[in-house]
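What the coordinates show
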Amino acid sequence: MSLYTAYLEEIESRKEQGLNPKPIDDGALVSELIAQIKDAGNEHREDSLKFFIYNTLPGTTSAAGEKAKFLKEIILGDVAVAEISRAFAFELLSHMKGGPSVKVLLDLALGDDADIANEAAEVLKTQVFLYDADTDRLKEAFEAGNEIAKDILESYVKAEFFTKLPEVEEEIKVVSYVAAEGDISTDLLSPGNQAHSRSDRELHGKCMISEQAQKEIEALKLQHPDKRVMLVAEKGTMGVGSSRMSGVNNVALWTGKPASPYVPFVNIAPVVAGTNGISPIFLTTVGVTGGIGIDLKNWVKKLGPDGKPILNNDDSPILEQKYSVETGTVFKINTKTKKLLSEDGDEELVDVSSAFTPQKVEFMKAGSSYAVVFGKKLQTFAAETLGVEAPQVFAPSKEISHEGQGLTAVEKIFNRNAVGSTPGKVLHAGSDVRVKVNIVGSQDTTGLMTSQELEAMAATVISPTVDGAYQSGCHTASVWDLKAQTNIPRLMKFMNKFGLITARDPKGEYHAMTDVIHKVLNDITVDDWDIIIGGDSHTRMSKGVAFGADSGTVALALATGEASMPIPESVKVTFKGSMAEHMDFRDVVHATQAQMLKQHGDNVFQGRVIEVHIGTLLADQAFTFTDWTAEMKAKASICISNDETLIGSLELAKRRIQVMIDKGMDNEAQVLQGLINKADKRIAEIKSGEKPALKPDADAKYFAEVVVDLDEINEPMIADPDVNNEDVSRRYTHDTIRPVSFYRGEKKVDLGFVGSCMVHKGDMKIVAGMLKNLEKAKGKVEFNAPLVVAAPTYNIIDELKEEGDWDVLQKYSGFEFDDAAPKSTARTEYENILYLERPGCNLCMGNQEKAARGDTVLATSTRLFKGRVVEDSDDKKGESLLASTPVVVLSAILGRTPTIEEYKEAVEGIDLTKFAPPLQKPLDAKSVHF
């Protein structure tokens, strides 16, 4: 069977699903198309032409390579195709975004035919995705006296690839579509259980919200052909939870506009909005597609005669509607005055200037943020090559500097890693900065999209300025099904070749690792001054500052070694008092959210960096706090560590990186060994006093400060999705934090889960210790609900085996994972036993394993969103409550939440994760958790 025949069969299969032909990325198939195009009498010639022109993926795909070569033959006159003129061939090349197409354009521009060279040069002037091999050719040709090369470079200096683009329209008409009330998780826009289809954009688009919602959006578009559909989170924040490019892609697919007539199902420029704005990570992703993200502020706190908010019975502010955004409401956005207006334009509803900063407007004009990034680099290259000063074309980066004001920790890191800012100028929060990225992480359910983004921007190798990058396999760890078997090896091969350390070896020479990505990134971050970008919202390190990002931003960081963003404001979190003996540090994390809301009324963490002064906890334990900050809606977090603690964390990181080296995971560039060397250098700097652990200046300015009183934390805390709250907007948020006594020992628990990135080695030891404790007290351990335990990493399991704790877990388990025979199907039914699952995300991710429909789950993870860990049944809402490891273990054994007395008895003598504020004496470094 030919590839084309197989493709036709796939087309018929897709028709049954209501899908169009899948975009082609296979060069061998394109070769067959070309052969049929050349054959004038071929019965498939007409269809082959359509597939070649309209359905072949651009960038560095092998398909793009074959397409570019054939177009070159047509331009040179070596082949005649009536339907593709020379001008049309050039137009097709102009939409191919770089890689093979730029090589062909350079071949033609620097060739001997003057007419063709000039035509090629005009197309090249519109392109921005040029890499070193391309710019080197231009530079060499210019230095050899080539006038065409000089002409192209002069155009690049003027940034005509940007200036000649149409301006953003002054007035944008939009019609609202309320996707849901309350916070909208990216899971609604791109469900985790459909992760396997993300690289097939049309297919994945079928899973957004619901089929009914898609029909309603299409109806709105027909009713309002001159308007753009604005997707709204009513009474909530848009895009909370995971950082998913696929979520924005889906919104753009249904509401945006095509990026190119020759690239199918790639849409840009979506308009999204939320009463409480857009989640920081999601907003970055919107910028990647040149979209608009609006903070509606259409519900405000109702004030009493004293000017203070009126509270309801739950001590929550009563909200009143300032203006309606119900589905079908028409608005105007004035991009010059930066206002949201009523349909007739007479009423100004809200200021939307934050959505139309000069930089964001540039993203809109260019169609993506990274087109602007590449454009700036290209302009700089051309200016240096010509020996001239580049004119100010792009909006100048906002540089905010307050003389005499100290720096927060994040301001220090951004100043240290800034690229292209005014030399010697100290920058404060609000400044726009390009920064060097040290560590990059790609996870497996977004990795295929990252690889597509890399192909689309014609990148073939990781930037040499990146210290280390890792491709994980943790989100598909639970079930090695046909989807995973098809996608993951292909992903690992691509990323390994690109230059990343990969969880799986394409050659099969080392054991496949399913370690949770954030844990690995936490280990390979070996400098507290580093900047980390990772393809997941929980990219929150306890060293350096880390930002969860979409697949496009990850691709950009891998390709360029840079990221661009404003320096965020910071909120300082400190602690006072003493932690009760029976409390676990996870309770301190929950209490931080609760006490912050009590102190400030609003979530002051949202969109800002949480600077947590947690200096006595090593990296593994401190990560429990930084990891949670994603659910606090913070942009990032920074741990302020003592010198001794940081050294201990770096030594631990070195040991774990060495384990990766010993397993054979290092590459030819010896990236992992380079990280150990970097850690050694940092340790030496700290010990010598040359450069102590990162700390903010005493006179740094913060947006707000939160002081957590440890004395107030007397019993375990549970984050409750509050699924039956009468106020829909208050369901499935992380703001409802309750003490365990609230449940009076009566709330039924159907399943317990200890796992995800929120747990560390100490949590596994707590499970083992509690099982021994309970057996000693009761004579035996019986589970009244299933308990699923998934260690985050293999090295933790290896350490537990050495210390004897794994034997304890095995003794009580009714199931233990087997790497030699991984599960091929997801578990749908659970027995009341202990399951020892493969390291990885497991239930937290929700794309493979889930609890039974309608279950009440108590978990150590962070995911309480609707449908993530557990879906609703016909007669009961699924709910995922979040608590510490000891609470989860005890609840699974009891089949219900414990009373405080039962809890204290069960944890007696157990070494819980302890914490003392930095000003107190540090904990004994010999604690089992270290």
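All of the points below concern the structure found in this document. (Residues numbered from 1 in each chain as written. Predicted model: local features only at pLDDT ≥ 70, side-chain atom pairs only at ≥ 80, totals over all residues. Heavy atoms only, no water.)

1. As for the sheet that holds strand β3 (residues 228–234)
Condition: At least two DSSP bridges between two strands are needed for those strands to be called paired. Counting from the N terminus, the helices are the DSSP runs of H or I reaching at least four residues and the strands are the DSSP runs of E reaching at least two. The axes used here are C-alpha line fits, helices contributing only the stretch in contact, and every angle between their N-to-C directions lies in the interval 0 to 180 degrees.
With mixed pairing, 7 strands are arranged side by side in an open sheet as β8-β7-β3-β1-β11-β12-β13. Bordering the open sheet on either side are β8 (292–295) and β13 (348–351), each of which pairs with just one other strand. Within this sheet the neighbouring strands show an average axis-to-axis angle of 30°, counted without direction. With 4 bridges joining them, β3 and strand β7 (residues 271–274) adopt parallel strand pairing. Of the residues in β7, the one forming a bridge with Val232 is Ala273.

2. Structural notes on the pairing of β8
Stated formally: Orient the strands so they point away from the viewer; a crossover is then right-handed if the path from the first strand over the helix to the second runs clockwise.
Judged from the 4 bridges that link them, β7 and β8 form a sheet pairing that is parallel. Bridging across to β8, Gly274 finds its partner in Asp295. With respect to chirality, the unit in which β7 leads through helix α15 (residues 280–288) into the neighbouring parallel β8 is right-handed.

3. A word on the sheet that holds strand β15 (residues 432–436)
Pairing in this open sheet of 3 strands is antiparallel, and the strands run β14-β15-β21 from one edge to the other. The strands lining the two open edges of the sheet, one partner per strand, are β14 (418–419) and β21 (562–566). By the bridge criterion, 5 bridges tie β15 to β21 in an arrangement that is antiparallel. Each residue of the ladder has a partner; that of Lys436, found in β21, is Glu562.

4. Here we look at empty space enclosed by the protein
Note the cut-off: Throughout, the protein atoms alone are placed on a 1 Å grid, and a set of points is a cavity if a 1.4 Å probe fits but cannot get out or a pocket if it is open with protein on both sides within 12 Å along at least five of seven lines; lining residues have an atom within 4 Å of a point. Grid points are joined across faces, edges and corners, and a volume is the space filled by probe spheres set on the points. Three categories are distinguished: nonpolar for Ala, Val, Leu, Ile, Met, Phe, Trp, Tyr, Cys and Pro, charged for Asp, Glu, Lys and Arg, and polar for the others, with Gly belonging to the last.
The full count for this structure, using the stated rule, is 8 cavities of 30 Å³ or more. The calculated volume of the largest cavity comes to roughly 150 Å³. Around the largest cavity, the lining is made up of 18 residues, and of these Val240, Gly241, Ala630, Glu631 and Lys633 lie nearest the centre. Here the residues of the lining of the largest cavity are counted per class, giving 7 nonpolar, 5 polar and 6 charged. What lines the second largest cavity is His475, Val516, His518, Asp536, His538, Ser756, Cys757, Cys841, Cys844, Met845, Arg863 and Arg868. Residues belonging to the lining of the second largest cavity are distributed by class as follows: 5 nonpolar, 4 polar and 3 charged.

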